[in-house]
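Survey of secondary and tertiary structure
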There are 2 protein chains.
Amino acid sequence: MTGELPDGLLAAFEAYEDALAANDHEALAGFFVPGPHTLRGDATGLLVGSEAIAGFRASRPGVVRRGIRSLHVRAIGTEHALIVAENAPVAGGAGVVTQLWSRTAAGWQIEAAQVAASAPAVDPSIWRVVGTPLLAGASGGALSGVRVAVKDLFEVAGFAVGAGNPDYLRSGTAATESAPAVTALLGAGASVIGIAQTDEFAYSIAGTNVHSGTPPNPRVPGGLPGGSSSGPAAAVALGQADLGLATDTAGSIRVPASYQGLWGLRTSHGSVSLGGVLPLAPSFDTVGWLARTSGLLVSAAATSLDPERQLPVAARFVVCGQLVFAAEEDVQAAFVEAIDRLERGGYLPEPVDIITIDPLADLFETFRTVQAAEAWRSHGDWVDAHPGTLGPDVRSRFAFASLIDADEEAGHRGDLAEARDRLDAALDGRILLLPAASSTAPARSASGAQIERVRAATLSMTCLAGIGGYPSVSMPGLVVGGAPLGLSLVGPRYSDLALLDLAAGLAEGLEG
Amino acid sequence: MTGELPDGLLAAFEAYEDALAANDHEALAGFFVPGPHTLRGDATGLLVGSEAIAGFRASRPGVVRRGIRSLHVRAIGTEHALIVAENAPVAGGAGVVTQLWSRTAAGWQIEAAQVAASAPAVDPSIWRVVGTPLLAGASGGALSGVRVAVKDLFEVAGFAVGAGNPDYLRSGTAATESAPAVTALLGAGASVIGIAQTDEFAYSIAGTNVHSGTPPNPRVPGGLPGGSSSGPAAAVALGQADLGLATDTAGSIRVPASYQGLWGLRTSHGSVSLGGVLPLAPSFDTVGWLARTSGLLVSAAATSLDPERQLPVAARFVVCGQLVFAAEEDVQAAFVEAIDRLERGGYLPEPVDIITIDPLADLFETFRTVQAAEAWRSHGDWVDAHPGTLGPDVRSRFAFASLIDADEEAGHRGDLAEARDRLDAALDGRILLLPAASSTAPARSASGAQIERVRAATLSMTCLAGIGGYPSVSMPGLVVGGAPLGLSLVGPRYSDLALLDLAAGLAEGLEG
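Residues numbered from 1 in each chain as written. Chains lettered and ligands numbered in written order. Predicted model: local features only at pLDDT ≥ 70, side-chain atom pairs only at ≥ 80, totals over all residues. Heavy atoms only, no water.

Naming follows an unreviewed UniProt entry, where chain A appears as DUF3225 domain-containing protein of Cryobacterium breve.

The next thing to look at is the domain arrangement of chain A. For chain A, the domain assignment lists domain 1 (9–116), domain 2 (127–304) and domain 3 (317–511). For domain 1 of chain A versus domain 2 of chain A, the separation of C-alpha centres amounts to 37 Å. (Domains from an automatic or database assignment.)

Below, the discussion takes up the sheet that holds strand 1 (residues 39–42) of chain A. Residues and elements named next belong to chain A. One open sheet accounts for six strands, arranged 2-1-6-5-4-3; its pairing is mixed. Strands at the two margins of the open sheet, each flanked by one partner only, are strand 2 (45–48) and strand 3 (66–76). Across the sheet, the mean angle separating the axes of adjacent strands is 20° when strand polarity is ignored. Pairing of strand 4 (residues 80–89) with strand 5 (residues 95–104), which is carried by eight bridges, proceeds in the antiparallel orientation. Opposite Glu86, over in strand 5, you have Val96 as the bridge partner. Each of strand 3, strand 4, strand 5 and strand 6 (107–116) touches helix 1 (residues 9–22); the most contacted strand, strand 3, lies at about 145° to it. (Pairing = 2+ DSSP bridges. Helix = DSSP H or I, 4+ residues; strand = E, 2+ residues; numbered from the N terminus. Axes fitted to C-alpha atoms, helices over the stretch in contact; angles between N-to-C directions. Contact = heavy atoms within 4.5 Å.)

To continue, consider the environment of Cys463(B). All names here are of chain B. Mapped onto the secondary structure, Cys463 falls in helix 14 (residues 448–468). Residues Cys463 and Phe284 lie 179 residues apart in sequence; the distance between their C-alpha atoms is 9.2 Å. Among residues more than four places away in sequence, those in contact with Cys463 are Leu363, Phe364 and Phe367.

The figure often quoted for interface size is the accessible area lost as the parts come together. Each partner contributes to the interface: chain B provides 57 residues, whereas chain A provides 56 residues. Carbon and sulfur atoms supply 60% of the area buried between chain B and chain A, which totals about 4300 Å² over both sides. Three residues stand out in chain B for area buried against chain A, namely Arg74(B), Gln114(B) and Ala121(B), and they jointly supply 15% of the buried area on that side. Our count for the contact surface shared by chain B and chain A stands at two salt bridges. Note that Arg74(B) and Glu111(A) form a salt bridge whose closest N and O atoms lie 2.7 Å from each other. On inspection of chain B and its partner chain A, the count reaches 19 residue pairs in polar contact (both at pLDDT 80 or more). Those elements that provide at least two residues to the side of chain B that touches chain A are strand 1 (39–42), strand 2 (45–48), strand 3 (66–76), strand 4 (80–89), strand 5 (95–104), strand 6 (107–116) and strand 7 (127–135) of chain B. (Buried area = accessible area lost by both parts, 1.4 Å probe. Salt bridge = Lys/Arg side-chain N within 4 Å of Asp/Glu carboxyl O. Polar contact = N/O pair within 3.5 Å; in protein donor to acceptor, adjacent residues only side chain to side chain.)

This next bit is on the packing of aromatic side chains. Residue and element names in this part refer to chain A. Taken as a whole, this structure holds 23 aromatic pairs over all chains when the rule is applied. Relative to Trp382, the ring of Tyr168 has its centre 5.4 Å away and its plane inclined at 70°; by these criteria the two rings are edge-to-face. In this pair, Tyr168 is assigned in helix 4 (residues 166–171) and Trp382 in helix 11 (residues 361–385), connecting sequence segments 214 residues apart. For the pair formed by Tyr168 and Trp382, the shared burial category is buried. Put simply, the rings of Tyr168, Phe201, Tyr203, Trp376, Trp382 and Phe398 touch in pairs and so form one group of aromatic residues. A cation sits over an aromatic face here: Arg368 above Phe400, 4.4 Å from the ring centre. (Phe/Tyr/Trp six-rings, centres within 6.5 Å; stacked < 30°, edge-to-face > 60°. Buried < 20%, exposed > 50% of the residue type's maximum accessible area, 1.4 Å probe, protein only. Lys NZ or Arg CZ within 6 Å of the ring centre and 35° of its normal.)

Residue and element names in this part refer to chain B. Where helix 11 (residues 361–385) meets helix 14, the closest approach of the two axes is 9 Å, and the angle between their N-to-C directions is 75°. Considering the angle they form, helix 11 stands roughly perpendicular to helix 14. Together, Leu363, Phe364 and Phe367 of helix 11 and Ala456, Leu459, Ser460, Cys463, Leu464, Gly466 and Ile467 of helix 14 make up the contact between the two elements. A class-by-class count of the residues in the contact of helix 11 with helix 14 yields eight nonpolar, two polar and no charged. (Parallel < 35°, antiparallel > 145°, perpendicular 65-115°, else oblique. Nonpolar A, V, L, I, M, F, W, Y, C, P; charged D, E, K, R; others polar.)

Residues and elements named next belong to chain A. Burial along strand 13 (residues 317–320) is two-sided: Phe317 and Val319 and Val318 and Cys320, pointing in opposite directions, are all buried. As paired elements, strand 13 and strand 15 (residues 431–435) share three bridges and run parallel to each other. Bridge pairing in strand 15 places Phe317 opposite Ile431. In terms of strand pairing, strand 13 meets strand 14 (residues 353–355) through three bridges, oriented parallel. Across the sheet, the residue bridging to Cys320 is Ile355, located in strand 14.

All names here are of chain A. Counting across every chain of the model gives 40 salt bridges over all chains. Between Glu409 and Arg413 there is a salt bridge, and its shortest N-O distance comes to 2.9 Å. You can see Glu409 and its partner Arg413 sitting in helix 13 (residues 406–427), four residues apart, about one turn around the helix. Its relative accessible area of 31% is what places Arg413 among the partly exposed residues. Several salt bridges share partner residues, and in doing so they unite Glu374, Arg377, Glu409 and Arg413 into one network.

All names here are of chain A. For Thr366, the position within the fold is in helix 11. A residue is classified by how much of its surface remains accessible, and Thr366, at 4% relative accessible area, is buried. Sequence separation between Thr366 and Asp199 is 167 residues, and the spatial gap between their C-alpha atoms is 23 Å.

Time to look at the nonpolar core. The biggest cluster of nonpolar side chains holds 235 residues, and the ones touching the most others in it are Trp289(A), Leu489(A), Trp289(B) and Leu489(B). Ala149(A), Ala246(A), Val130(B) and Ala233(B) belong to the second-largest nonpolar core, a separate cluster that totals 40 residues. (Core = buried A, V, L, I, M, F, W, Y, C linked by side-chain atoms within 4.5 Å.)

Turning to the side chain of Lys151(A), a few remarks are in order. All names here are of chain A. Mapped onto the elements of the fold, Lys151 is located in strand 8 (residues 147–151). Buried and unpaired, Lys151 has Asp199 as its nearest opposite-charge partner, separated by 7.3 Å. In terms of polar contacts, Lys151 uses its side chain to reach the side chain of Ser228, at 2.7 Å. Aside from chain neighbours lying at most four places away, what touches Lys151 is Ala196, Thr198, Ala202, Ser228, Ser229, Pro232, Leu245, Ala246, Thr247 and Ser252. (Lys, Arg positive; Asp, Glu negative; His and termini not counted.)

It is worth spelling out the UniProt feature "domain: Amidase" (unreviewed entry) in chain A at this point. Residues given the UniProt feature "domain: Amidase" (unreviewed entry) here are residues 137–500 of chain A. Its end C-alpha atoms 25 Å apart, residues 137–500 of chain A is made of 40% helix and 15% strand. (UniProt positions renumbered as here; feature names shortened; annotations may be inferred.)

This part is about the environment of Ala52(A). Among the secondary structure elements, Ala52(A) is positioned in helix 3 (residues 50–59). Distance from Ala52(A) to Val479(A), taken between C-alpha atoms, is 20 Å for residues 427 residues apart in sequence.

Low-confidence regions, as indicated by low pLDDT, have predicted coordinates that should not be scrutinised in detail. Of the residues in chain A, 98% reach a pLDDT of 70 or more, and the chain-wide mean stands at 95. This prediction of the complex comes with two scores: 0.95 for pTM and 0.93 for ipTM. (pLDDT = per-residue confidence, 0-100.)

For the pair chain B and chain A, the superposition axis carries a translation of 0.0 Å, the fit reaches an RMSD of 0.1 Å, and the rotation angle comes to 180°. Here the transformation between the copies is reduced to the relation of a two-fold axis. Mapped onto chain A, 98% of the interface residues of chain B again fall at the interface, so both copies present the same surface. (Least-squares fit on C-alpha atoms with pLDDT ≥ 70 in both.)

Structurally, a disulfide amounts to a covalent bond that connects the sulfur atoms of two cysteines. All names here are of chain B. Under the counting rule described, the total for this entry stands at zero disulfides over all chains. Here Cys320 stays unpaired: no disulfide links it, and the sulfur of Cys463, its closest cysteine neighbor, is 11 Å away. For Cys463, a relative accessible area of 0% corresponds to the buried category. (Disulfide = S-S within 2.5 Å.)

Residue and element names in this part refer to chain A. Axis separation between helix 5 (residues 180–187) and helix 8 (residues 294–304) bottoms out at 8 Å; the angle between their running directions is 120°. When the axes of helix 5 and helix 8 are compared, the crossing they make is right-handed. The segment helix 5 lies against helix 8, with Ala181, Ala184 and Leu185 engaging Ala300, Thr303 and Ser304. Of the residues assigned to the contact of helix 5 with helix 8, the class counts are four nonpolar, two polar and no charged. (Left-handed = near helix turned anticlockwise from the far one by under 90°.)

Right under this line is the structure:
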């Protein structure tokens, strides 16, 4: 300790520890200076403002039982003091807190705090299994040193597939060999460091899971990570993995990429083997990857895409106003601004054509009906045999799926074929630009209704690639209210690599 | 930002970030106020004093490449300011730093800092594989909810044994079933959450590993964890696991327990199955456990110890001055003070007898010669076939082991049998009390010579239980210079559970 110990400060510190031990939200809120400048940081990010801090507390479960191991107090003048304390949680580990206290009308209050606590061995919301590595790659390949997070839908030699549901995991058996998409990465020198979490059966784009919890979104503290490839995305965004191997049926790669500022590729339908991958809706299911850089995404894609079947694509871009309008207003504005910037910078060699797709409204209905019918065919028997195991949102989706009869499915299948032809005609070999999601990452505390609204809007935008079997890139570059948002490119079937190449060119224009 | 932005502060902040990016130790040291009060905290603990901070920097590999994502500056008067910054490391993740700057004669310098950075998926110095869980336990047992870290010498179904060496791991095959000691825990309801690191082939008590790194010691920032059960001990001390399943040949449970303030039990030789456990020196190898509480240690021991073979033991205690004198002086003082406290508190029903064991000096030589001969028999062929794979300390130990010829071994085996009889006679069914190690955790930065000195002194104390095949508890309760040190109880063969019971009674006396 240096300086005089200010009156009442230690009593305030002790009262704060008591309030923590009691998990008394009201008392805790009273220890922070009210207002927008108050800060609380930890390993997951920085909360700014007393409201954000109170919201965090309310969502945090349980009490913090800890003793103080050492205490360092630094008086700064008479009205401020810094306290640094080491604590010893009863559950093991060690913690450190740094707090700037100031004397206010309400007594001593905290203006800024940073908190460190021992972490679990592994974040169970991100990972199901982690190794150092779990499966080593071939030595000396192009992906040497690359650490892969494999979505828990892929067979990984020695492990059963869990699909985000512990009952499903228990009912499975260990795979004797890995899925071809996994083997391709291993053969190129990448190593599998773990099996990462997914929304149950990949039947969601929120990034939540009632069993393993919601992974963090390191780019949006307190925000949803996006799904269903929630674990691989969070792992890559956090730097815990370099590459996510994932699937995308209706946006499951593009949405988390958008929410977390990552590069994501949904491949052309049929272009990458789905062997050893748990299906959701085979008419739309695709394999793809998530990475922090376009370069790694290209290298990963090259391990599984057959170069003989890949096609070139010209740098002709189109925008569909109807799709942009599905997004929230601030997203629309950011998207329009980005397209303007790219045009002004000369990154779009030809003027962007505005196209209409009529009727657009029915597309999502058609997509989700066929998707649901196939999802039920994939998992209905298992879901029926395991009542009560699914979280509410995925359960309600399967309940809807169970009601679709053969006639309804057949009707929508006809619509689907027709929709694909219409999309092909409207796009005419050009690249569709659109926001990768209807919004930035919703708050974890958002209501079910809010999340459902965002979900419907986003799916109405992302389902086009599913319907057309098109490849689609989500690239980082847009920022809305401080949060990342992806720019999505949808190209002709089998233009995956060419599309990535064009996207890398646009990235430069978005940075500038 | 609130208040006026102090002159030169932002320039100092930016220069500090530049020095970090350049990993310029000298420049970095200049940014911290020199002296004993300067603080730097992170998730591993708090460093106190500018020297400790500079020492940490020197031992940290590589540069920190990151951009600043947001910056919050709070001026406090004219001479102090708090800076809170969010940063975005190039390698992914997010960081937060809180710094108290003060204006000194040398310009703006940091008085206190706390740093948060995204952690890897799993700490590879602690764990080889982690699951959520890796193997689930039977439902409803006495150990329900208990998470076990299994030392990487035990067979775990589905995984090969690594023994702390990646070449050894690669040369192995996945076990089809788990070792009996693992199965016993699973049967009692505990789940295996991971396979934890060990010093190579368990042939060390330092807690280092050149391949996977040195695990942290959460009780002694900058201190060695102790070994060879380094991973299980760190996992339990950090709260990442509740129970460590480990082995003790010459102190491999007791030493890390002592260094990290844990409860550890080395069982009576032969009392717990060594099936599926990689041997080091079968004449001395034992299975045991590490836990934060004596209660859990008792429950764990009950899963594997045959109650029919367990014997009672009377609360008669002895101390051997020769063994206490092997410890460092401050350890001797703390031990004597603890025994005094226990006597004064009435926790030792009879006066503690002082015994001598003559000749003591030869015991360690005898022990380590037979241990080495057996270690070579266990692993010599493999070590010979894999030159260059072992770290220097374990390599030198195997080199010594390779030189022991049959005559030398036979001679020491005779000495060993005779030593055991002498020990039995000297202890006469009583319980030997001694410090669990010759020192608290040495600094990670200690020289090889320092570590070797501590090692020899500690082994001269711990080898007695090995020679006698005795059970030995290391219980927390001594504190030397702020660091934990264990009190060791050595009891008659097959008094394991009775010994734990007596130790739990003493714990109360040490707390008082």
